[in-house]
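Observations on the model geometry
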Amino acid sequence: PVRLSPQVLFRAVTFALNAFALRYLSRELIGVVNVRLTLLYSTVVFLAREAFRRACLSGSAKRNWTKTNNLLWLTVPLGVFWSVCLSLVWLHLLEVPDPSVVPHYQAGVVAFGLSAIIELLGEPFWVLAPAHLFVRLKVIAESLSVLSKCVLTVVLVVLYPQWGLYIFCLAQLLYTSVLVLCYVIYFVTFLGSPEATKKSFPVARMKSLLPNLVEDETFVNWKEARLTWSFFKQSFLKQILTEGERYVMTFLNVLNFGDQGVYDIVNNLGSLVARFIFLPIEESFYVFFAKVLERGKSVKDQKKDDVAMAANV
């Protein structure tokens, strides 16, 4: 099921808290954080994770999860690589904000790059959850992480507005840390429990979620690895279309940081419906169709009941 109500509620609270914080911040600071630094974070996460996530969610939950987890852990070194490379670009090749207007820019780049790596540490847990339809876990984890980020931002903006960019650095690191911890804490308590045994959960203990060698077999499932590369080529265009205006503003300097901040605020207002309603639907139904229909098979080769179910949605 698509659990829209909790997601819409927390997204609305998030929007309200951010709107309140805007009263205390400069346009330039908003532009640097919401356009420049957020683009760094989203690009690192996309390049290191998106294709792996799509590939590993495809197909049945009955698989060799050791190989799947091994493949997912490759996102961490890949994320470190992209974080370091892109941080150097952000620091040395792009225009640096005036320190008198937006101080601590270097710390912001490091913090947002580090937050991307922290989030990638939870990728094996994240994929395991929707693959076994733990929808509530995903909603709770994302809601708590976003809410904690917003509350910390508002508190620091009101009490210590002079901290500037440090406020958003701390909030971003808190967001990714809470997100990963929610998944880790849940699976620490779930694995090995009577409920997991009753469901015949394929992973018995936390150690099994770490990279492991499979005796007399390959380290990863090469079918999933090839599918990952295929998804990367497909999703690259999606990233360009989704973040295209931010790439243009960042690399071509068509707007100053103040105008970028205004643009981001207006853009967020215009995309409220898409972010509140359609994004959760897209994410939920991707998992649904990945579970119901088997990739690579024609309609005739699929189970009739599954095809009928997918057609009726």
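Residues numbered from 1 in each chain as written. Predicted model: local features only at pLDDT ≥ 70, side-chain atom pairs only at ≥ 80, totals over all residues. Heavy atoms only, no water.

Things to note about the overall build of the protein
We count it as follows: Only runs of H or I of at least four residues qualify as helices and only runs of E of at least two qualify as strands under DSSP, and these elements are numbered from the N terminus. Contacts are assigned to residue pairs that have any heavy atoms within 4.5 Å of one another. In short, Shrake-Rupley with a 1.4 Å probe defines the accessible areas, and a residue's cover is counted only from the protein chains shown.
A count of helical and extended segments in the protein gives 13 helices and zero strands. From first element to last, N terminus to C terminus, the protein shows the α and β order α-α-α-α-α-α-α-α-α-α-α-α-α. Here the contacts in the protein between residues at least 6 apart in sequence split such that 79% fall between residues at least 24 apart. Summed over its atoms, the accessible surface of the protein is roughly 16300 Å², and 67% of this surface lies on carbon and sulfur atoms.

With respect to helix α5 (residues 105-120)
To be explicit about the condition: Helix span is expected to be 1.5 Å times the residue number reduced by one. Each residue gets one of three labels from its accessible area relative to the maximum for its type: buried under 20%, exposed over 50%, partly exposed in between, using a 1.4 Å probe on protein chains only.
Between the first and last C-alpha of α5 there are 23 Å, a value that for 16 residues agrees with the 22 Å anticipated at 1.5 Å per step. Of all 16 residues making up α5, twelve are buried, and the element is well covered by its neighbours. Those residues of α5 that are buried are in contact with α2 (27-57), α4 (75-92), α6 (123-131) and α8 (165-190).

Focus: the environment of Y186
Here Y186 lies in helix α8. A C-alpha to C-alpha distance of 9.6 Å links Y186 and A141, two positions 45 residues apart in sequence. The contact partners of Y186, leaving out residues within four places of it in the chain, are F134 and L137.

Section: the pattern of salt bridges
Threshold: By salt bridge we mean one thing: a side-chain nitrogen of Lys or Arg within 4 Å of a carboxyl oxygen of Asp or Glu.
Per the stated rule, a full pass over the model turns up eight salt bridges. Look at the salt bridges and you will find they share partners, linking R49, R53, E119 and E123 into a network.

Section: the packing of α6 against α8
We apply this condition: Helix axes are fitted to C-alpha atoms over the stretch in contact, other axes to C-alpha atoms as well, and angles between N-to-C directions run from 0 to 180 degrees. Helix crossings are classified by the rotation of the near helix relative to the far one: an anticlockwise turn of less than a right angle makes the crossing left-handed, while a clockwise turn makes it right-handed. Throughout, the ten residues Ala, Val, Leu, Ile, Met, Phe, Trp, Tyr, Cys and Pro are labelled nonpolar, Asp, Glu, Lys and Arg are labelled charged, and all others, Gly among them, are labelled polar.
At their nearest, the axes of α6 and α8 sit 9 Å apart, and the two run at 65° to each other. Every pair of crossing elements has a handedness; the one defined by α6 and α8 is left-handed. Only Y183, V184 and F187 of α8 make contact with α6, whose side of the interface consists of F125, W126, L128 and A129. Of the residues in the contact of α6 with α8, the class split is seven nonpolar, no polar and no charged.

Digging into the packing of aromatic side chains
Formally: Two aromatic rings, drawn from Phe, Tyr or Trp (for Trp, its six-membered ring), form a pair once their centres lie within 6.5 Å of each other, and the interplanar angle then sorts them: stacked below 30 degrees, edge-to-face above 60, tilted otherwise. Only Lys NZ and Arg CZ are tested; either one counts as a charge over a ring when it is within 6 Å of the ring centre and within 35 degrees of the ring normal.
Evaluated as defined, the whole model comprises 15 aromatic pairs. Ring geometry for F125 against F187: centres 6.1 Å apart, planes inclined by 35°, an arrangement best described as tilted. With F125 in helix α6 and F187 in helix α8, this residue pair connects regions lying 62 residues apart in the sequence. On the basis of relative accessibility, which here comes to 6%, the residue F125 falls in the buried class. For F187, a relative accessible area of 0% corresponds to the buried category. Residues F134 and F187 carry aromatic rings whose centres are separated by 6.3 Å and whose planes lie at 35° to one another, so their mutual orientation is tilted. In this pair, F134 is assigned in the loop between α6 and α7 (135-159) and F187 in helix α8, connecting sequence segments 53 residues apart. Pairwise contacts between aromatic rings join F125, F134, Y186, F187, F190 and F201 into one cluster. Above the plane of the ring of W126 lies R53, whose end atom (NZ or CZ) is 3.5 Å from the centre. Between K149 and the ring centre of Y175, over which it is positioned, the NZ or CZ distance is 5.3 Å.

Brief notes about the packing of α2 against α8
At a minimum axis distance of 11 Å, the contact between α2 and α8 shows a crossing angle of 35°. Regarding α2 and α8, the two cross each other, and that crossing is right-handed. Contacts from L29, V33, L37 and Y41 in α2 reach L165, F168, Q172, Y175 and T176 in α8. A class-by-class count of the residues in the contact of α2 with α8 yields seven nonpolar, two polar and no charged.

Quick look at the nonpolar core
Side chains of a nonpolar character, in soluble globular proteins, are inclined to be buried together. We count it as follows: Joining through side-chain atoms within 4.5 Å is the link that ties buried Ala, Val, Leu, Ile, Met, Phe, Trp, Tyr and Cys residues into a set, and such a set is a nonpolar core.
Ranked by size, the top nonpolar core spans 57 residues in total, and within it W90, Y183, F187 and F201 carry the most contacts. At the level of elements, α2, α3 (65-73), α4, α5, α6, α7, α8 and α10 (222-252) are the ones that each hand at least two residues to this core. No other element matches the 15 residues that α2 contributes to this core. Residues within four places of F201 in sequence aside, it is in contact with L128, H132, F134, F187, F190, L191 and A196.

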